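Coordinate analysis (summary)
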Amino acid sequence: MTDKLRVLVRVDLDCATAQVAAQGHVTSKSVRGLYDVMKRANSLTAGMTLELDMTRARIEPDALEELRACSKSHHLPVRVDPLQSDYRLSILAPDTAASLAATATQAA
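These notes cover the structure that comes with them. Note that the coordinates shown come from a computational prediction; the quantities given were computed from them, not determined experimentally. Position numbers for residues count from 1 along each chain, tracking the sequence in the order it is written. The predicted nature of this model means local features are confined to residues of pLDDT at least 70 and side-chain atom pairs, given and counted, to a pLDDT of 80 or more, with totals for whole chains, interfaces and linings taken over all residues. Hydrogens and waters are ignored; side-chain quantities use all the structure's heavy atoms.

**Remarks on the sheet that holds strand E1 (residues 6–12)**
Here the rule is simple: two strands pair whenever DSSP picks up at least two bridges between them. Strands here mean DSSP runs of E at least two residues long; helices mean DSSP runs of H or I at least four residues long; both are numbered from the N terminus. Read across the open sheet, the 4 strands follow the order E1-E2-E3-E4; overall the sheet is mixed. Edge strands, defined here as strands with exactly one partner in the open sheet, are E1 and strand E4 (88–92). Across the sheet, the mean angle from the axis of one strand to that of its neighbour is 15°, orientation sign disregarded. Both E1 and strand E2 (residues 17–26) contribute to a ladder of 7 bridges, which runs antiparallel. Whenever a helix is involved, its axis is fitted only over the stretch in contact; in every case the axis is a line through C-alpha atoms, and angles between N-to-C directions fall within 0 to 180 degrees.

**Overview of unusual backbone geometry**
Even without being glycine, alanine 16 reaches a positive phi, approximately 55°. Of note, alanine 16 is situated in the loop between E1 and E2. Accessibility expressed as a relative area gives 15% for alanine 16, which makes it buried. In this model, histidine 74 sits at a positive phi of 65°, which is unusual for a non-glycine residue. By the secondary structure assignment, histidine 74 is in the loop between helix H2 (61–73) and E4. Summary of the burial criterion: residues with accessible area below 20% of their type's maximum are buried, those above 50% are exposed, and those between are partly exposed, where the area comes from a 1.4 Å probe applied to protein chains only.

Take a look at the structure:
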């Protein structure tokens, strides 16, 4: 698996849903790129439901915690979205133990 973050967005405007699928290594710094993609997808239509698929990504615990906080609050961080638009966000997270093991293996 590469460290480079790759993102694929699938949008169904009829059902007002978008899936943002991430691959690669998600860090507390690179998560900002995901926020930008999510913000653009959410702006396509009112009431868009966003699914963030992280199952094929290695994600650092602090980045996952940030994303989970966004899901609970229905808002992105103020630095990303000063207007605090409403987000209907669900997260498909990778197995945390496997993700941490892959990160540790790569660091060794």
